[in-house]
Amino acid sequence: MSEFKIVGKPIPRHDAWSKVTGDLKYADDFTMPGMLFAKVLRSKYPAAKIISIDTGKAEQLDGVRAVLTAKDVPHNETVTKFGQSTEVGKGFEGLYRVLAEKKVRFMGEAVALVAAETEEIAEEALDLIEVKYEPLTGVFDPLEAIKPGAYLVGESKSNIIGEFGCQQGDLEKGFAQADVIIEDTYKVPFVDHAYLEPEAGISWIDDYGILIIRVSTQVIEHFRDVADVLGLPHNKVRYIGTMMGGGFGGKEDITVETYLALLTWKTKKPVRLVYTREESILCHSKRHPLVMKYKVGAKKDGKLIALDADLISDAGAYPYLSPWVTLYATVNAAGPYCIPNVKVRAHCVLTNNTFTSANRGFGAPQPNFAYESIMDELSHKLNIDPLEIRRRNCLTTGKALATTGQVFKTYVALPEVAEKAWKALGESTECKKDEGRKIGRGLAIGLMSYGRMTFLHDSSRCYVRLESDGSILIRSGIPDLGGGQISLLCQIVAEELGVPTSRVKIYHSDTALTPLAGTTTATRQTYMSGNATLKAAREIRNRILNKAAEILNVNQDKLDLINEKVIVNYDPSQYVPLVKVIQVCNADGIELFCEAQFNAPSTMVPDLSNIRGMTFPDFTFGAQAVEIAVDTETGQVEILKLVTCYDVGKAINPLSVEGQMEGGSIYGMGYALTEEVIMEKGMTMTPSFAEYIIPTAADVPDVKAILVESGGGLGPYGAKGIGEPSCSIIAPAILNAIYDAVGVRIKSLPATPEKIIRALKSDYFRK
């Protein structure tokens, strides 16, 4: 890979300085003259009938310009949630409701909107809206919600909104042949995305009657959904996406956009809406809690022979993306292991909790916790080293995924990544005997897809233009969450056309001006938009080299583009300046711009009761290892060492890749040890960062990131996606280390000091 000049180099991102200096404008930094301030009235009940809503007093308040309820929404309910009209979501009701109508389904559900001349007036107007509720019993446990006669959250006859399965081999025969069987239940909680930037946006109507929304979003394609809600043609709504202060899936669904659109359309004035932190935690989606019952059988030599798993996913009050997430969990349920006999069943269930939807990892972290805990149990029961038991069972190139039978045709970096991660922990840390702390180590391996499901027929487009002075313009609809998605495209183009990245300008995330690149979700942008950009850049490169071959009188395959010159490979003293070639192309009418589209491989919608074959284009494989210290008096866990090792295919920018791997590890640390949105009967008990505890700089060790570059990915130059895989397996590694340290197995996240102490005391009394 030494031939690369810009790709593979740890160069600063194009927005690095503006972020450091604070000059970069985020969504809540935008204001407009004469704008109104929006506020949302939210339900104080998780389940209730709406008897009446009286907005009269609020409307009469001086400075209030609009008060809206469900009756003012042209189309209050939509089912266009990114393909959920396919078989996965067929027949579901209420996938997205703008304002509550007739009843509320979760605490914090939007009931009414206000636009006023000041934020204070808008707040006062909310207090003047009189809503009469009839509280209902609701249902808050998904296991209760699936029972006959349970309270119905929606309008359907069942709270089950998705059923999925995978099966192969003979399960009964497999367990009969097993020498050891482990059977247990694992639970994971609601988790918040906890991004620094809360939801924010501003909207206005331009001189041509176009409704424009400038918003922090992972999905600018939502302009279509907003247009549908208002009953407008799609070309009458324009999204301008901003740089984001984090998203992690929480800005994949519509947040403030429909509220802004309705109020602007009503008042014909610019409207601004920014959530408070408490409002954000209360009302935006959460990572899915799952109850996971596992039964795994193995031979004495550690070889896995059978797996039976039953997953129950809490969708909360509305389906949103829950069917997709549950499908991912189903496919990931057996992990990166060869298992001949497998049966997985998964159900997605409505409750009156806050709705759940996309969160970093999208259904993979939950089963990863379960199956890697079981692998550690097997390791101890059979007295086999934790690395060795994984080595004996892990997938390799040419093997098939145990759940779906998808054959891995690209390079599978297991057990290479596991060996590197485990070895990198080095010598064990020693603790003084009087410290009351015990040291433990844990390992976990995993796989996660990058790119969307193959039956969604995914595509991405990008426009590249070479200007007459040799500078480059890129247009792409790609939203940047802060992971360097935009800079990635600039590096690819700079590499292909032989210019420094400082000469590349990119316009992004504008539905009126940039080709749509699809969502910044599913770890898909390096793969999808990266390939679209590479395709466009190479078309222009080919045109340049073809013309330069005529000028230099050499074969085109002997030429290269380096440092704004077209050079002859075997004699760099022979060259022609890029600008001169551009001039000749322009004179000859040769177009030096290209809009290219990349299409992912596609399949038919599978039988969801037994999902078989290729469901994802490819997977990223990784391992994470930790060394921890547990205080046996307090239950406090300190992470001493953390190693993360992934096959990233090709690191287009190693700094960005390392940042994702380090950030993903820390994100997973919170999942393992501290983070939980506590809900009691649908009431959020952790409404701020004072109660919802995320890791801080004081909690985080130096993270050692090991990049394996196999070149075996489907992205540009053999790259794989890393954004979501990087956080998926650190939690089980930490809990395995806790077991190694103190001999107690925590089976529900997070592993708080209280849980550890209770487990230690329980274990002591059992002895």
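Basis of the calculations
- Residues numbered from 1 in each chain as written.
- Predicted model: local features only at pLDDT ≥ 70, side-chain atom pairs only at ≥ 80, totals over all residues.
- Heavy atoms only, no water.
- Pairing = 2+ DSSP bridges.
- Helix = DSSP H or I, 4+ residues; strand = E, 2+ residues; numbered from the N terminus.
- Axes fitted to C-alpha atoms, helices over the stretch in contact; angles between N-to-C directions.
- Parallel < 35°, antiparallel > 145°, perpendicular 65-115°, else oblique.
- Left-handed = near helix turned anticlockwise from the far one by under 90°.
- Contact = heavy atoms within 4.5 Å.
- Nonpolar A, V, L, I, M, F, W, Y, C, P; charged D, E, K, R; others polar.
- Core = buried A, V, L, I, M, F, W, Y, C linked by side-chain atoms within 4.5 Å.
- Buried < 20%, exposed > 50% of the residue type's maximum accessible area, 1.4 Å probe, protein only.
- Arc of directions from axis to C-beta.
- Polar contact = N/O pair within 3.5 Å; in protein donor to acceptor, adjacent residues only side chain to side chain.
- pLDDT = per-residue confidence, 0-100.
- Salt bridge = Lys/Arg side-chain N within 4 Å of Asp/Glu carboxyl O.
- Phe/Tyr/Trp six-rings, centres within 6.5 Å; stacked < 30°, edge-to-face > 60°.
- Lys NZ or Arg CZ within 6 Å of the ring centre and 35° of its normal.

Trainee: Please clarify how the sheet that holds strand S18 (residues 437-450) should be interpreted in this entry.
Mentor: Read across the open sheet, the 4 strands follow the order S18-S26-S27-S30; overall the sheet is mixed. Where the open sheet ends on each side, the last strands, each with one partner, are S18 and strand S30 (703-708). On average, each strand axis in the sheet is tilted by 15 degrees relative to the strand beside it, whichever way the strands run. By the bridge criterion, 14 bridges tie S18 to strand S26 (residues 618-631) in an arrangement that is antiparallel. Paired with Gly 446 across the strands is Gly 622, a residue of S26.

Trainee: Is there a simple way to think about the packing of helix H10 (residues 365-381) against helix H17 (residues 730-742) in this case?
Mentor: When two helices pack together, you describe them by how their axes are tilted relative to each other and by the distance separating the axes. Interaxial distance between H10 and H17 falls to 9 Å at its minimum, and their mutual angle equals 30 degrees. Classified by the angle their axes make, H10 and H17 are roughly parallel. In the crossing of H10 with H17, the sense of the turn from one axis to the other is right-handed. Contact residues: H10 offers Asn 368, Phe 369, Glu 372, Ser 373, Asp 376, Glu 377 and His 380, while H17 offers Pro 732, Leu 735, Asn 736, Tyr 739 and Asp 740. In the contact of H10 with H17, the residues fall into 4 nonpolar, 4 polar and 4 charged.

Trainee: Even after reading the chapter, I still don't get the sheet that holds strand S23 (residues 565-568), so can you show me in this structure?
Mentor: Hydrogen bonds between backbone atoms are what pair the strands of a sheet, whose relative direction is either parallel or antiparallel. The strand order across the open sheet built from 3 strands is S22-S23-S24, with neighbouring strands paired in antiparallel fashion. At either margin of the open sheet sits one strand with a lone partner, and together these are strand S22 (559-562) and strand S24 (571-577). The sheet shows a mean angle of 35 degrees between the axes of neighbouring strands, direction not considered. When S22 meets S23, the two strands line up antiparallel, connected through 4 bridges. Bridge assignment links Asp 560 to a residue of S23, and that residue is Ile 567.

Trainee: Even after reading the chapter, I still don't get the nonpolar core, so can you show me in this structure?
Mentor: The nonpolar side chains of a soluble globular protein tend to be buried, and buried together. The biggest cluster of nonpolar side chains holds 116 residues, and the ones touching the most others in it are Tyr 294, Leu 311, Leu 378, Ile 734 and Ile 738. No other element matches the 9 residues that H17 contributes to this core. When near neighbours in sequence (up to four residues on either side) are disregarded, Ile 738 contacts Ile 628, Val 630, Val 637, Leu 673, Gly 743, Val 744, Ala 751 and Ile 756. Within the second largest apolar cluster, 54 residues are counted, among which are Met 243, Val 554, Cys 585 and Tyr 717.

Trainee: How should I be thinking about the packing of helix H13 (residues 485-497) against helix H14 (residues 525-552) in this particular structure?
Mentor: Relative orientation of the contacting elements H13 and H14 amounts to 25 degrees, with a least axis distance of 9 Å. The angle between H13 and H14 falls in the class roughly parallel. Judged by the sense of rotation from one axis to the other, the crossing of H13 with H14 is right-handed. Contacts between H13 and H14 involve Gln 485, Leu 488, Leu 489, Ile 492, Val 493, Glu 495, Glu 496 and Leu 497 from the first element and Gln 525, Thr 526, Ser 529, Gly 530, Thr 533, Leu 534, Ala 537, Arg 538, Ile 540 and Arg 541 from the second. Grouping the amino acids of the contact of H13 with H14 by side-chain chemistry returns 8 nonpolar, 6 polar and 4 charged.

Trainee: What is the right way to look at the environment of Leu 466 in this model?
Mentor: Structurally, Leu 466 can be placed in strand S19 (residues 459-466). Given a relative accessible area of 6%, Leu 466 falls into the buried group. Separated by 415 residues in sequence, Leu 466 and Ile 51 have C-alpha atoms that sit 62 Å apart. Leu 466 has contacts with Ser 471, Ile 472, Ile 540, Ile 544, Leu 578, Ile 582 and Leu 592, leaving out every residue within four places of it along the chain.

Trainee: Is there a simple way to explain helix H11 (residues 386-393) in this structure?
Mentor: Residues spaced three or four apart along an α-helix point in a common direction, a consequence of the helix completing one turn every 3.6 residues. By the burial criterion, the buried members of H11 are Pro 386, Leu 387, Ile 389, Arg 390 and Asn 393. Across the axial projection of H11, the buried residues extend over an arc of 165 degrees, all falling on one side. Looking at the buried residues of H11, the elements they touch are strand S16 (304-316), H10, helix H12 (416-424), S18 and H17. For H11, the side-chain oxygen to backbone nitrogen distance between the N-cap and Leu 387 is 2.9 Å, and the N-cap itself is Asp 385.

Trainee: Would you mind going over the confidence of the model for the protein chain with me for this structure?
Mentor: Low pLDDT marks stretches whose predicted atomic positions should not be read closely. Confidence along the protein chain averages 95 in pLDDT terms, with 96% of residues attaining 70 or more. Between residues 80-89, whose pLDDT stays under 50, and residues either more than four places distant or in other chains, the model counts 35 contacts.

Trainee: Would you explain the pattern of salt bridges in this entry?
Mentor: Pairing between side chains becomes possible if they bear opposite charge and their charged atoms approach one another. Evaluation of the coordinates by the stated rule reveals 37 salt bridges. Across the pair Lys 251 and Glu 197 runs a salt bridge whose closest N-O atoms are separated by 2.6 Å. With a gap of 54 residues between them, Lys 251 in the loop between strand S13 (237-241) and helix H7 (257-267) and Glu 197 in the loop between strand S10 (180-188) and strand S11 (200-205) connect regions that are remote in the sequence. Each member of the pair Lys 251 and Glu 197 is classed as buried. Where Arg 503 meets Glu 564, a salt bridge forms, and the shortest distance between an N and an O atom there is 3.3 Å. With Arg 503 in the loop between H13 and strand S21 (504-508) and Glu 564 in the loop between S22 and S23, the pair connects residues that are 61 residues apart, well separated along the chain. The partly exposed category is assigned to Arg 503, whose relative accessible area is 26%. Beyond isolated ion pairs, a larger network of salt bridges with shared partners links Glu 77, Arg 97, Arg 105 and Glu 155.

Trainee: Just checking my understanding: could you explain the packing of aromatic side chains for this structure?
Mentor: To describe a pair of aromatic rings, one takes the distance between the centres and the angle between the planes. Counting across every chain of the model gives 18 aromatic pairs. For the pair Trp 324 and Phe 455, a centre-to-centre distance of 6.1 Å together with 45 degrees between the ring planes defines the contact as tilted. Taken together, the residues span a long stretch of sequence, with Trp 324 in helix H9 (residues 322-332) and Phe 455 in the loop between S18 and S19 at a distance of 131 residues. The pair Trp 324 / Phe 455 is uniform in exposure class, with both members buried. Geometrically, the ring pair formed by Phe 408 and Phe 619 is edge-to-face, given 5.4 Å between the ring centres and 70 degrees between the ring planes. With Phe 408 in the loop between H11 and H12 and Phe 619 in strand S26, this residue pair connects regions lying 211 residues apart in the sequence. Among the aromatic residues, those joined into a cluster by ring pairs are Tyr 328, Phe 362, Phe 408, Phe 616, Phe 619 and Phe 621. When the ring centre of Phe 30 is taken as origin, the NZ or CZ atom of Arg 214, which lies over that ring, is 4.1 Å away.

Trainee: Could you clarify how one ought to interpret the side chain of Asn 76 in this entry?
Mentor: With respect to the helices, strands and loops of the structure, Asn 76 is situated in the loop between strand S3 (64-68) and strand S4 (77-78). What makes Asn 76 buried here is its relative accessible area of 8%. Looking at Asn 76, its side chain comes within polar contact range of the main-chain oxygen of Leu 99, at 2.8 Å. At 3.3 Å, the side chain of Asn 76 forms a polar contact with the side chain of Glu 101. Non-local contacts of Asn 76, meaning those with residues more than four positions away in its chain, are made with Ala 70, Tyr 96, Arg 97, Val 98, Leu 99 and Glu 101.

Trainee: Help me out: how do you make sense of unusual backbone geometry in this one?
Mentor: Most peptide bonds take the trans configuration, and most residues that are not glycine carry a negative phi. Looking along the chain, the bond that leaves Leu 414 and enters Pro 415 is cis, with omega of 0 degrees. When you line up the elements, Pro 415 lands in the loop between H11 and H12. The omega torsion across Leu 749 and Pro 750 is -5 degrees, close enough to zero to call that bond cis. One can find Pro 750 in the loop between H17 and helix H18 (753-766).

Trainee: Quick question: what am I supposed to make of the side chain of Asp 618 here?
Mentor: For Asp 618, the position within the fold is in strand S26. Here Asp 618 falls in the buried class, since its relative accessible area comes to 2%. At 2.8 Å, the side chain of Asp 618 and the side chain of Thr 410 are in polar contact. Within the structure, Asp 618 has its side chain in polar contact with the side chain of Lys 720 (distance 3.2 Å).

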